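# Observations on the model geometry
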Amino acid sequence: MSPPNPDSLIACHECDLLQTAPDLPPGSAACCARCGARLFRVTHHGLDRCLALTLAAGVLFVIANLFPIVIVDLQGQQVSTTLMGAVRALYAQERPLVAALVFATTMLVPAIELFAITWMLLPLRFGHAAPGLRPCFRWVQSARPWSMIEVFMLGVLVSVAKLSHVAVVVPGLALWSFGALILLLAAAASAFDGRELWARVARTA
Ligand SMILES: [Zn+2]
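Residues numbered from 1 in each chain as written. Predicted model: local features only at pLDDT ≥ 70, side-chain atom pairs only at ≥ 80, totals over all residues. Heavy atoms only, no water.

A word on the overall build of the protein chain. What the protein chain contains, in helices and strands, is seven helices and seven strands. Start at the N end of the protein chain and walk to the C end: the helices and strands fall as β-β-β-β-α-β-β-α-α-α-α-β-α-α. In terms of overall size, the protein chain is more extended than a compact globule, its C-alpha atoms giving a radius of gyration of 22 Å where 205 residues would be expected to give roughly 17 Å. Among the 205 residues that make up the protein chain, the fraction classed as buried is 37%. Put simply, of all contacts in the protein chain between residues at least 6 apart along the chain, 60% involve residues at least 24 apart. Carbon and sulfur atoms make up 66% of the accessible area of the protein chain, which totals about 12400 Å². (Helix = DSSP H or I, 4+ residues; strand = E, 2+ residues; numbered from the N terminus. Rg over C-alpha atoms; globule rule 2.2 N^0.38 Å. Buried < 20%, exposed > 50% of the residue type's maximum accessible area, 1.4 Å probe, protein only. Contact = heavy atoms within 4.5 Å. Areas by Shrake-Rupley, 256 points an atom, 1.4 Å probe, with all protein chains shown as cover.)

As a further point, take the coordination of the zinc ion. Each protein donor to the zinc ion is listed here as C12 (SG), C15 (SG), C32 (SG) and C35 (SG); together their distances run 2.3 Å. On the primary sequence, the residues serving as donors to the zinc ion are separated as C-x2-C-x16-C-x2-C. Taken together, the residues C15 in the loop between β1 (9–11) and β2 (18–20) and C35 in the loop between β3 (29–31) and β4 (38–41) connect sequence positions 20 residues apart. Taking the relative accessible area as the measure of exposure, C15 reaches 22% and is therefore partly exposed. (Donors = N, O, S within 2.8 Å, 3.2 Å for Na, K, Ca; no water.)

The geometry of helix α3 (residues 96–125) relative to helix α7 (residues 194–204) is characterised by a closest axis approach of 11 Å and an angle of 50° between their N-to-C directions. What the angle tells us is that α3 and α7 run oblique. Crossing handedness for the pair α3 and α7: left-handed. Seen from α3, the contacting residues are L121, L124 and R125; seen from α7, they are L197, R200, V201 and T204. Residues that form the contact of α3 with α7 fall into these classes: four nonpolar, one polar and two charged. (Axes fitted to C-alpha atoms, helices over the stretch in contact; angles between N-to-C directions. Parallel < 35°, antiparallel > 145°, perpendicular 65-115°, else oblique. Left-handed = near helix turned anticlockwise from the far one by under 90°. Nonpolar A, V, L, I, M, F, W, Y, C, P; charged D, E, K, R; others polar.)

Our next topic: the pairing of strand β6 (residues 77–81). The buried fraction of β6 is low, at zero of five residues. In this structure, the hairpin formed by strand β5 (residues 70–74) and β6 is closed by a connection of two residues, where Q75 is found at a positive phi of approximately 50°. (Pairing = 2+ DSSP bridges.)

Our next topic: α3. Relative to the 44 Å expected for 30 residues at 1.5 Å per residue, α3 spans 41 Å between its end C-alpha atoms, a close match to the ideal helical length. Count one or two residues on from α3 and you reach G127, which has phi positive near 85°. (Expected span 1.5 Å × (residues − 1).)

Attention now moves to the domain arrangement of the protein chain. Assigned domains of the protein chain: these are domain 1 (6–41) and domain 2 (46–204). Measuring from the centre of the C-alpha atoms in domain 1 to the corresponding centre in domain 2 gives 32 Å. (Domains from an automatic or database assignment.)

A few words now on the nonpolar core. Counting residues in hydrophobic clusters, the biggest one holds 45 residues, and the most contacted among them are I69, V70, M120, L121, F178, F192 and L197. For this core, the secondary-structure elements that each account for two or more residues are α1 (46–66), β5, α2 (83–92), α3, α4 (133–143), α5 (149–163), α6 (173–191) and α7. Residue contributions to this core peak at nine residues, all from α3. With near-sequence residues (within four places) excluded, M120 lies in contact with L133, C136, F137, V140 and F192. Counting residues in hydrophobic clusters, the runner-up holds nine residues, among them A21, A30, A37 and L39. (Core = buried A, V, L, I, M, F, W, Y, C linked by side-chain atoms within 4.5 Å.)

According to the stated counting rule, one finds four aromatic pairs in the structure shown. Consider the rings of F137 and W198, whose centres lie 5.1 Å apart with planes at 70°: the pair is edge-to-face. Here the residue F137 occupies a position in helix α4, and W198 occupies one in helix α7, the gap between them amounting to 61 residues. You can call W198 partly exposed: its relative accessible area is 30%. Residue placement shows R195 over the ring face of F40; its charged tip is 3.7 Å from the ring centre. (Phe/Tyr/Trp six-rings, centres within 6.5 Å; stacked < 30°, edge-to-face > 60°. Lys NZ or Arg CZ within 6 Å of the ring centre and 35° of its normal.)

And the structure:
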């Protein structure tokens, strides 16, 4: 009996059972033979869908950073701020740590994550593996928990609800963009298929 191909072996992330991954048609999923946990799902052009969603998310990310988040109208005086303006205001109010956290979790990490995914997937779309693909893949996996646009969005919504008692608060274009961005990022993350990525990388070698 010949030994199994190492590329077809897969370890269950729940119980660590090493098993042979079967060839499955798109849309189906493989489950662990011991504990029943889902091992992987075969997506239909998952990486191309992920790339398209990431590029769309990149456009929304730019809009979300260029336009005001909220416009506050207090007795005829209008005040609006962008995300960078909010970071600057926090810094000016002697809260450098909070300003740094907001900057890192809502601007820096999401921007690098969007760039890194595009860097990995765009050349693969044309049959090439991007330089530094492996560290890039590891970085995206480890940095994802630090992207907290959802938390920021929740904070802004709570602030808008509280401010609406004392002033007229109009959600800015950036707020709508952030809402759509959260949905696109979640869809891109679910379309990302690590198995397909490495299979395509192997085909480029
Ligand atoms: Zn298992």
